[in-house]
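Coordinate analysis (summary)
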Amino acid sequence: MYIFKAGVVGAGAMGGEIAQVISFSGLPVVLKDVDQAMLDKGLAHIRAIYQTRVDKGKMSAGDLESKMALIIPALDYGEFGDVDIVVEAVPEKMAIKHAVLRELDAVCPEATIFASNTSALSITEMAAATGRPHKVVGMHFFNPAHVMKLVEVIRGKETDDETVADVVSFTESLRKMPVVVKECPGFLVNRLLVPYLNEATLCLEEGAASAEEIDGAMVEYGWPMGPFTLMDFLGLDVCYHVGVYLESQYGHRMKAAQLFGKLVAAGRLGEKSGAGFYSYGAATDEPVRQFIAEISGGKKLSGFTPERLMYPMINEAAHAAAEEIADVRDIDMAMIAGAGMTVQGDRIGPLALADKLGIDVVVDGLTALQSQYGPRFAPAPKLLQLLAEGRAGAKAGAGFLEYV
């Protein structure tokens, strides 16, 4: 199916940027919100993105106005009678998403695809609110949507092949990189990223190292930014809610750090609130130090190494590979494109990294961490299986990948 017109429901930061991406591709897009102020703010944000391109000489002022003219602001569903795809970007609460999907189901043509930008919630559960579950799919853009190339295309239990193929083609038409993912809590990138971010936070609250020290070490390891800088950018409320949800689904592997809840309750949500793990402007870091002292009793309860953060990510990637959530190469590509993963200057994903380090080295490291910190570090059965098969990584000629 060719997409001639799109809709986006929710004019917040992500919704606005998704509408910008669609308009940039040359398609008309309806941007709907229930609040005029939010709609105006979303349109202003889109204009600012285009203005940056004008300022850099990448487009003319006339081009800017042409692209803005493709965006149709709306406070109701009057313009949704001929849309081919709708991307919902409303708050991450299933009740709200169900309500929006029911409203869309009543006004959109039967052939319209409903795509959700959810970062973790069940596509299958959302689809149950519609009369077209085969036409409901996940389309998870990454923040900031106008910059990040990756889009996770998530197949629900009843999503049909045609819908997946249409959304993959649509994603490519937006100059984005689609990766098809089987539905699971957290999908792919967040599922792998949360153990890394959570372990960093556990290190911090246990007095193992400061946020600055951990960030510095992980940048030196190869990441474009440290975990606390990243979480402040993403929003600690988002990290907290996704983390709590994944812990409820995966248990001890995703043990949530206490510090998240304390920071969110204190209104320290990251850059957007002027304070998170770090402070911005006139805010102070003192509350963070007090929270850490409350949790640790002012003592150093554990130790920090980059491997303590990296091995849980590799381990979760091994679980995802065993469950066939995505192809091994797609798992690595998703972490590179969606999370900016690099190691010592090389763009490399977690499974290729495991092969490079040696599966035996990773298993030994996880086993040592398990004995020190508990069962969340238990090596994934897939890692043990590879070792038993003699697939110890690049040095053995085979691991998750084959080496000639």
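So, on to the overall build of the protein. Looking only at helices and strands, one finds 17 helices and 10 strands in the protein. Here the protein has a C-alpha radius of gyration of 22 Å; the compact-globule value for 404 residues is 22 Å, and the two agree. Overall, the protein is about 60 × 55 × 45 Å in size when its C-alpha atoms are taken along their principal axes. Burial status across the protein gives 56% buried among its 404 residues. Summarising the internal contacts of the protein: among those between residues at least 6 apart in sequence, 69% fall at separations of at least 24. A total accessible area of about 16,400 Å² is found for the protein, and carbon and sulfur atoms account for 55% of it. One finds the centroid of the 36 positive side-chain charges in the protein at a distance of 2 Å from the centroid of its 52 negative side-chain charges.

Quick look at the pattern of salt bridges now. Inspection of the entire model under this criterion finds 20 salt bridges. For Glu 316, the salt bridge goes to Arg 191, with nearest N and O atoms at 2.8 Å. Note that Glu 316 is positioned in helix H13 (residues 306-322) and Arg 191 in helix H7 (residues 189-205), a separation of 125 residues in sequence. Overall, Arg 191 belongs to the buried group, its relative accessible area being 0%.

Quick look at the side chain of Lys 32 now. Assignment of secondary structure puts Lys 32 in strand E2 (residues 29-32). Comment: no salt bridge for buried Lys 32; closest opposite-charge side chain is Glu 103, at 5.3 Å. Apart from residues no more than four positions distant in its own chain, Lys 32 is found in contact with Val 8, Val 9, Gly 10, Ala 11, Leu 39, Ala 74, Leu 75, Asp 76, Tyr 77 and Phe 80.

Looking now at H7. The terminal C-alpha atoms of H7, which comprises 17 residues, lie 24 Å apart, in line with the 24 Å expected from a rise of 1.5 Å per residue. Summarising burial for H7: 17 of the 17 residues are buried, a large majority. Directly beyond the C-terminal end of H7, a positive phi value near 75 degrees is found at Gly 207.

The mixed open sheet is built from 8 strands, whose spatial order is E3-E2-E1-E4-E5-E6-E7-E8. Taken across any chain shown, the strands that pair with only one partner, and hence form the sheet edges, are strand E3 (71-74) and strand E8 (177-182). Strand-to-strand twist in this sheet, taken as the mean axis angle between neighbours without regard to direction, amounts to 25 degrees.

Rules behind the numbers
Residues numbered from 1 in each chain as written. Predicted model: local features only at pLDDT ≥ 70, side-chain atom pairs only at ≥ 80, totals over all residues. Heavy atoms only, no water. Helix = DSSP H or I, 4+ residues; strand = E, 2+ residues; numbered from the N terminus. Rg over C-alpha atoms; globule rule 2.2 N^0.38 Å. Buried < 20%, exposed > 50% of the residue type's maximum accessible area, 1.4 Å probe, protein only. Contact = heavy atoms within 4.5 Å. Areas by Shrake-Rupley, 256 points an atom, 1.4 Å probe, with all protein chains shown as cover. Lys, Arg positive; Asp, Glu negative; His and termini not counted. Charge placed at Lys NZ, Arg CZ, Asp CG, Glu CD. Salt bridge = Lys/Arg side-chain N within 4 Å of Asp/Glu carboxyl O. Expected span 1.5 Å × (residues − 1). Pairing = 2+ DSSP bridges. Axes fitted to C-alpha atoms, helices over the stretch in contact; angles between N-to-C directions.

Shape is all these values report; function is a separate question.
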